[in-house]
Amino acid sequence: MLKVNLEDVKKAEEVLKSIVKETPLQESKELSAKLGANVYYKCENLQKTGSFKIRGACNKISNLTDEEKAKGVIASSAGNHAQGVALGAKMTGIKATIVMPETAPLAKVTATKSYGAEVVLNGAVYDDAYAKAVEIQKETGATFLHPFDDEYVIAGQGTIGLEIFKQLNENVDTILCPIGGGGIIAGIAVAAKGLNPNVKIIGVQTSNIPSMKVSKENGKVTTEFNGATIADGIAVKTPGNTTFEIINELVDEVITVSEEEIAQGMLFLMEHQKVVAEGAGAVTTAALLSGKYKPQKDENVVCVISGGNVDVNTLYRVIGVGLAAEGRRYSFSATMTDKPGGFLELISIISKSNANILNANQTRLSSGGTIGKQVAEFIIETFNHEHIEKLKAEMNAAGFEIQDL
């Protein structure tokens, strides 16, 4: 028997009804038309603290004993759980210490401090922060609030599933949900499958850290890490035991998306949905745009946007990656004969193709170069990959040596 059931989620709903917001469910007309399905977004990026995490954190804090509250709470988090715990602790009047990875976005660190929590930075990923939090907990005796592997936390996150069913009048076929440690999808799966066992629950991870996918394939909790990710909210190398048990039984499939696909998902949400989502919140969109999940005709698909707490500097870089992936930004170097008018001829070709120059840098090749040659580097705006290929062909035909950067 699973440790969390539908009744636990309904109890959490009662606890949270005066604390959290019922976030909107918005249709994506663009994706619906593109895929022939009915695609909706559950916008937890509009939740208090900008993430779903406040649901689980506040449900857990509400169920602490007076003795546990007196000792304060400690948590480890990549950012969103940190803010949820910090705000929940502030509302309850108890001390909170949060350990975050050193790589956590500055915006999340600053926001956590603004809620009155003491912040300790340690390590590169969540698992490093967790190890430090356990160390501090042993020293202080504070109550540890796990970000995902806790029954009360899972039940709190499951209230998202109850809202989705209510907002769609129970006409739900599929829910796509991000996975890190597994708290949000475990809770939603318990709620959704409890209301309708035929609902499909699809988990989405970054291919850089596919820990739950590998765990599900192996039939046991498995640590997996291939590299850093822009989806810091789901950067968890080792899933939880409780979340794994629920996911292994209730989640139909776990798929992975690349960093480039996540960037495209974030860009799509900004341009077409007018939604700012962090990397973890955009993985469900990435799954649809990439074709990793292909809905049936008229299927009612809900994509959970888990959070919107993205650092502006990160967002700037991600937009560049997304534009390049779509062929709307192109960086290249052009080697040309060092003669009067050569640079102007190259610019003329670019201009006539209706590409827009964002940056251009011309320099002479010194040591190691070919005598009588010089190189120019460009970043330009283009329409798509076909436009880029046509422009490259024209530049090559004019005698320029083009190399992608």
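Our subject in this report is the structure included herewith. These figures come from a predicted structure and were not determined experimentally.

Analysis parameters
Residues numbered from 1 in each chain as written. Predicted model: local features only at pLDDT ≥ 70, side-chain atom pairs only at ≥ 80, totals over all residues. Heavy atoms only, no water. Helix = DSSP H or I, 4+ residues; strand = E, 2+ residues; numbered from the N terminus. Buried < 20%, exposed > 50% of the residue type's maximum accessible area, 1.4 Å probe, protein only. Areas by Shrake-Rupley, 256 points an atom, 1.4 Å probe, with all protein chains shown as cover. Lys, Arg positive; Asp, Glu negative; His and termini not counted. Charge placed at Lys NZ, Arg CZ, Asp CG, Glu CD. Pairing = 2+ DSSP bridges. Right-handed = clockwise from strand over helix to strand, strands pointing away. Contact = heavy atoms within 4.5 Å. Axes fitted to C-alpha atoms, helices over the stretch in contact; angles between N-to-C directions. Parallel < 35°, antiparallel > 145°, perpendicular 65-115°, else oblique. Nonpolar A, V, L, I, M, F, W, Y, C, P; charged D, E, K, R; others polar. Left-handed = near helix turned anticlockwise from the far one by under 90°. Core = buried A, V, L, I, M, F, W, Y, C linked by side-chain atoms within 4.5 Å. Phe/Tyr/Trp six-rings, centres within 6.5 Å; stacked < 30°, edge-to-face > 60°. Expected span 1.5 Å × (residues − 1). Polar contact = N/O pair within 3.5 Å; in protein donor to acceptor, adjacent residues only side chain to side chain.

**Some words on the overall build of the protein**
- Counting its secondary structure elements, the protein contains 16 helices and 14 strands.
- Summarising its shape, the C-alpha atoms of the protein cover approximately 80 × 50 × 40 Å along the three principal directions.
- A buried classification covers 55% of the 405 residues belonging to the protein.
- If you sum the accessible surface of the protein, you get close to 17,300 Å²; carbon and sulfur atoms cover 48% of it.
- Counting 40 positive and 48 negative side-chain charges, the protein places the averaged centre of each group 2 Å from the other.

**Digging into the pairing of strand E3 (residues 73-76)**
- Alternating residues of E3 divide into Val73 and Ala75 and Ile74 and Ser76, and every residue in both groups is buried.
- Judged from the 4 bridges that link them, E3 and strand E4 (residues 96-100) form a sheet pairing that is parallel. Note that in E4 the partner of alanine 75 across the bridge is isoleucine 98.
- Note on the crossover from E3 through helix H5 (residues 80-92) to E4: the handedness is right-handed.
- The pairing of E3 with strand E6 (residues 143-144) spans 2 bridges and is parallel.

**Let's talk about the environment of isoleucine 319**
- On the secondary structure map, isoleucine 319 appears in helix H14 (residues 312-325).
- Expressed as a C-alpha distance, the spacing of isoleucine 319 and glutamate 261, which sit 58 residues apart in the sequence, is 12 Å.
- If we ignore the near neighbours within four places in the chain, the residues touching isoleucine 319 are Leu267 and Met270.

**What to know about the side chain of histidine 81**
- Tracing the chain through its elements places histidine 81 in helix H5.
- Given a relative accessible area of 2%, histidine 81 falls into the buried group.
- Excluding anything up to four places from it in sequence, histidine 81 contacts Lys53, Ala57, Ala75, Ser76, Leu145, His146 and Pro147.

**Observations concerning the packing of helix H12 (residues 259-273) against H14**
- Remark: H12 packs on H14, axes separated minimally by 8 Å, with the N-to-C direction vectors making an angle of 100 degrees. On the basis of the axis angle, H12 is roughly perpendicular to H14. Within the contact between the two elements, H12 uses Glu260, Ala263, Gln264, Met266, Leu267 and Met270 and H14 uses Leu315, Val318, Ile319, Val321, Gly322, Leu323 and Ala325.
- Per-class residue counts for the contact of H12 with H14 are 10 nonpolar, 2 polar and 1 charged.

**Focus on the packing of helix H8 (residues 151-167) against helix H9 (residues 183-195)**
- Taken N-terminus to C-terminus, the directions of H8 and H9 make an angle of 50 degrees; their axes are 7 Å apart at the nearest point. With respect to their mutual orientation, H8 and H9 come out oblique. Read as a crossing pair, H8 and H9 show a hand that is right-handed. Contacts from Ile154, Gln157, Gly158, Ile160, Gly161, Leu162 and Phe165 of H8 reach H9 at Gly183, Ile184, Ala186, Gly187, Ile188, Ala191, Ala192 and Leu195.

**Focus: the side chain of threonine 97**
- Considering the arrangement of structural elements, one finds threonine 97 in strand E4.
- The class of threonine 97 is buried, set by a relative accessible area of 10%.
- Setting aside residues up to four positions removed in sequence, threonine 97 forms contacts with Val73, Ile74, Ala75, Glu118 and Val120.

**Examining the nonpolar core**
- Of all hydrophobic cores here, the largest spans 38 residues; its most connected members are Val172, Ile175, Ile201, Ile246 and Val302.
- When residues in this core are grouped by element, the largest group, 8 residues, is from H9.
- Beyond its immediate chain neighbours, meaning those up to four positions away, valine 302 contacts Leu25, Tyr40, Lys42, Ile164, Leu168, Val172, Thr174, Ile175 and Leu176.
- Counting residues in hydrophobic clusters, the runner-up holds 32 residues, among them Ile262, Met266, Leu269 and Val310.

**Concerning the packing of aromatic side chains**
- Tallied over the entire structure, the rule returns 4 aromatic pairs.
- For the ring pair phenylalanine 332 and phenylalanine 378, a centre distance of 5.3 Å and an interplane angle of 10 degrees mean the geometry is stacked. Residue phenylalanine 332 is found in strand E11 (residues 329-337), and its partner phenylalanine 378 is found in strand E13 (residues 373-381); the two are separated by 46 residues along the sequence. For the pair formed by phenylalanine 332 and phenylalanine 378, the shared burial category is buried.
- Between phenylalanine 343 and phenylalanine 378, the ring centres sit 5.8 Å apart and the planes meet at 20 degrees, which makes this aromatic pair stacked. Taken together, the residues span a long stretch of sequence, with phenylalanine 343 in helix H15 (residues 342-352) and phenylalanine 378 in strand E13 at a distance of 35 residues.
- A connected cluster of aromatic rings, assembled from ring pairs, spans Tyr330, Phe332, Phe343 and Phe378.

**Quick look at H8**
- The terminal C-alpha atoms of H8 lie 25 Å apart, and with 17 residues this matches the ideal 24 Å at 1.5 Å per residue to within 8%.
- Here H8 lies mainly inside the structure; 13 of its 17 residues are buried.
- Measuring from the side-chain oxygen of the N-cap residue of H8 to the backbone nitrogen of tyrosine 152 gives 2.8 Å; that N-cap residue is aspartate 150.
- Downstream of H8 by one or two residues, asparagine 169 has phi in the positive range, about 50 degrees.

**Details of unusual backbone geometry**
- In this structure, asparagine 169 is a non-glycine residue whose phi angle is positive, near 50 degrees.
- Positionally, asparagine 169 belongs in the loop between H8 and strand E7 (174-178).
- Of the residues examined, asparagine 169 reaches a relative accessible area of 61% and is grouped as exposed.
- Residues other than glycine seldom take positive phi values, yet lysine 274 does so here, at roughly 55 degrees.
- By the secondary structure assignment, lysine 274 is in the loop between H12 and helix H13 (279-289).

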